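Read off the chains here:
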Amino acid sequence: MKDRIKVIISDDQKEVKIPTGTRMLIRRCCNAVLQNEHFVGSAEISVRFVDNAEIHRLNNEFRGIDKETDVLSFPLGENGKYDINNDTGAQMLGDIVISVEKAYAQSQEYGHTFQREMAFLTVHSMLHLLGYDHVNGGLEAVRMREKEELVLTQIGLPRSNSYAE
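Bear in mind that the values here come from a model prediction, so they are computed numbers and not experimental data. (Residues numbered from 1 in each chain as written. Predicted model: local features only at pLDDT ≥ 70, side-chain atom pairs only at ≥ 80, totals over all residues. Heavy atoms only, no water.)

S.K.: Can you walk me through the pattern of salt bridges in this structure?
M.R.: Side chains that carry opposite charge are capable of pairing whenever their charged atoms lie near each other. On inspection of all chains with the given rule, the structure shows eight salt bridges. Note that Lys-102 and Glu-68 form a salt bridge whose closest N and O atoms lie 3.9 Å from each other. One end of the pair, Lys-102, is in helix 3 (residues 100–110); the other, Glu-68, is in the loop between helix 2 (52–63) and strand 3 (71–75), and 34 residues separate them in sequence. Assessed through its relative accessible area of 23%, Lys-102 is described here as partly exposed. Its relative accessible area of 31% is what places Glu-68 among the partly exposed residues. (Salt bridge = Lys/Arg side-chain N within 4 Å of Asp/Glu carboxyl O. Helix = DSSP H or I, 4+ residues; strand = E, 2+ residues; numbered from the N terminus. Buried < 20%, exposed > 50% of the residue type's maximum accessible area, 1.4 Å probe, protein only.)

S.K.: Whenever I open this one, helix 1 (residues 22–36) confuses me. Can you help?
M.R.: Taking 1.5 Å per residue, 15 residues should reach 21 Å; helix 1 reaches 21 Å between its end C-alpha atoms and fits that length. Buried residues of helix 1: Thr-22, Leu-25, Ile-26, Cys-29, Cys-30, Ala-32, Val-33 and Leu-34, and no others. Looking at the buried side of helix 1, the elements it contacts are strand 1 (5–11), strand 2 (43–50), strand 6 (91–99), helix 4 (114–129) and helix 5 (138–154). Just downstream of helix 1, His-38 is the residue with a positive phi angle, here 55 degrees. (Expected span 1.5 Å × (residues − 1). Contact = heavy atoms within 4.5 Å.)

S.K.: Would you take a moment to explain the pairing of strand 5 (residues 81–84) for this structure?
M.R.: Every regular strand shows the same layout, with side chains that alternate between the two sheet faces. Two strands pair when backbone bridges link them, and strand 4 (residues 77–78) and strand 5 are joined in this way by two bridges, in the antiparallel orientation. Pairing of Gly-77 across the sheet is with Tyr-82, part of strand 5. Judged from the two bridges that link them, strand 5 and strand 6 form a sheet pairing that is antiparallel. Its bridge partner being in strand 6, Asp-83 is matched across the sheet by Met-92. Where strand 5 folds back onto strand 6 in an antiparallel hairpin, the turn is made up of six residues, including Gly-89, whose phi is positive at roughly 80 degrees. (Pairing = 2+ DSSP bridges.)

S.K.: Help me understand the packing of helix 1 against helix 5, please; the structure alone is not making it clear to me.
M.R.: Orientation of helix 1 relative to helix 5, taken along the N-to-C sense of each, is 120 degrees, at an axis distance of 10 Å. In terms of orientation, helix 1 lies oblique with respect to helix 5. When the axes of helix 1 and helix 5 are compared, the crossing they make is right-handed. When helix 1 is examined against helix 5, the residues Cys-29, Ala-32, Val-33 and Asn-36 are found in contact with a partner set consisting of Leu-150, Val-151 and Gln-154. Across the contact of helix 1 with helix 5, the residue classes break down as five nonpolar, two polar and no charged. (Axes fitted to C-alpha atoms, helices over the stretch in contact; angles between N-to-C directions. Parallel < 35°, antiparallel > 145°, perpendicular 65-115°, else oblique. Left-handed = near helix turned anticlockwise from the far one by under 90°. Nonpolar A, V, L, I, M, F, W, Y, C, P; charged D, E, K, R; others polar.)

As structure tokens, then:
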């Protein structure tokens, strides 16, 4: 049986209308990251769209940070070992929670499309689900950024000259 990647997307916010094609873009991002990372086997990823109030609540509850953020990653694996969905045999990589409200604001702030911002946040979070981290900065943060830009370029959303972070 061929390896399958299942991306379950739920829209639990009313602030921003999700443009047509966004869900397909999210799935393409997840697949591209797994392909670039030479991930083997079937996988499941949950992506949830929320508003600023909900991501603020989650950030406070799970990270002790009392403010909204753009994306949260909840990995279900450690050291490349993941929980297995007994029904499908797929490795459950974890949950991605994106504040669509924050993503829209950041796309305006950085001067690129909403699609690019949603793609960036998805790719960034997928790398977290696979064990990458950037919190300590340094080489690990640089490697993570390089991997993000590689995937975004592959799916046709390269960094523009106006994009700075």
